[in-house]
Each structure stands twice: as structure tokens, then as C-alpha cells.
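Architecture and fold: a report
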Amino acid sequence: MNLFKSAIYFGLIAMVIGLIAFSLSWKYWEFFNGPLPGYSIFLFPGNLTLTYFWHPIFTEEVNFWPKLFMLLIGQFIVVTTCVVVITSLKKFFGTKLHNNSK
């Protein structure tokens, strides 16, 4: 499978997982007396972009739907980029190690 195609699939899966975790956390806030357990782990890439990219550009008074959209887009971009970088490094060092062993 193509490197970028698989990275996009991973990004979409992470975005769907983030949407599910966000929705469950929103719906069951009272049940858990706070966010869903594991919420910060599932949405770590999206929260990174909210904190370090989107927050300096916009203020905290962003409405619910645009903030959710920014969170999910950030989740997609960070995961997709990480998969491309890690896979490229694995290919690079794998072929380099393979060539040196001959």
C-alpha cells in the first residue's frame, strides 16, 4: 500500500476515534464526574494543536462546533504526519542497515 494512502487511513481512524471519545465524554460527563477516562490519551494529538497552534491564533471564545472541527483536523494532521515520518524513517534506516550488512 502507498505510504501516503496508509497515513491518511491512520489519520482518518484517529479522527473517528477522537470524535467518539469526545462525544462519549460530552454525553457522560455527569456519569464519570468529569471527562471520559482516557480522554486525554485519545485526543492528545488534537489537544496539542488546540494548545500550540489554534489557541495563539484564536481566543478561547470560539464556539463549540468550530472548536470541535479544529480539534479533529488537528488530530488528523498530527497522526497522519507522524505516520509518514515514522514509516519514512523505518524505510530509510531499514534499507541503510540492510545495505551495510552485505
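Residues numbered from 1 in each chain as written. Predicted model: local features only at pLDDT ≥ 70, side-chain atom pairs only at ≥ 80, totals over all residues. Heavy atoms only, no water.

**Observations concerning the overall build of the protein**
Summing up its helical and strand segments, the protein has five helices and zero strands in all. For the protein, the sequential pattern of α-helices and β-strands runs α-α-α-α-α. On C-alpha atoms alone, the protein measures out to a radius of gyration of 17 Å, which is more than a quarter above the 13 Å that the 2.2 N^0.38 rule sets for 102 residues. C-alpha extents for the protein along the principal axes are approximately 60 × 30 × 20 Å. The 102 residues of the protein split such that 26% are buried. The long-range share in the protein, meaning contacts at least 24 apart out of those at least 6 apart in sequence, stands at 68%. (Helix = DSSP H or I, 4+ residues; strand = E, 2+ residues; numbered from the N terminus. Rg over C-alpha atoms; globule rule 2.2 N^0.38 Å. Buried < 20%, exposed > 50% of the residue type's maximum accessible area, 1.4 Å probe, protein only. Contact = heavy atoms within 4.5 Å.)

**A word on the packing of aromatic side chains**
A complete count under the given rule lists eight aromatic pairs for this structure. Residues F22 and W26 carry aromatic rings whose centres are separated by 6.0 Å and whose planes lie at 20° to one another, so their mutual orientation is stacked. One end of the pair, F22, and the other, W26, are both in helix α1 (residues 3-27), four residues apart, so they sit about a helical turn from each other. For W26, a relative accessible area of 58% gives the class exposed. Relative to W54, the ring of F53 has its centre 4.9 Å away and its plane inclined at 75°; by these criteria the two rings are edge-to-face. Using a relative accessible area of 45% as the deciding quantity, one classes F53 as partly exposed. (Phe/Tyr/Trp six-rings, centres within 6.5 Å; stacked < 30°, edge-to-face > 60°.)

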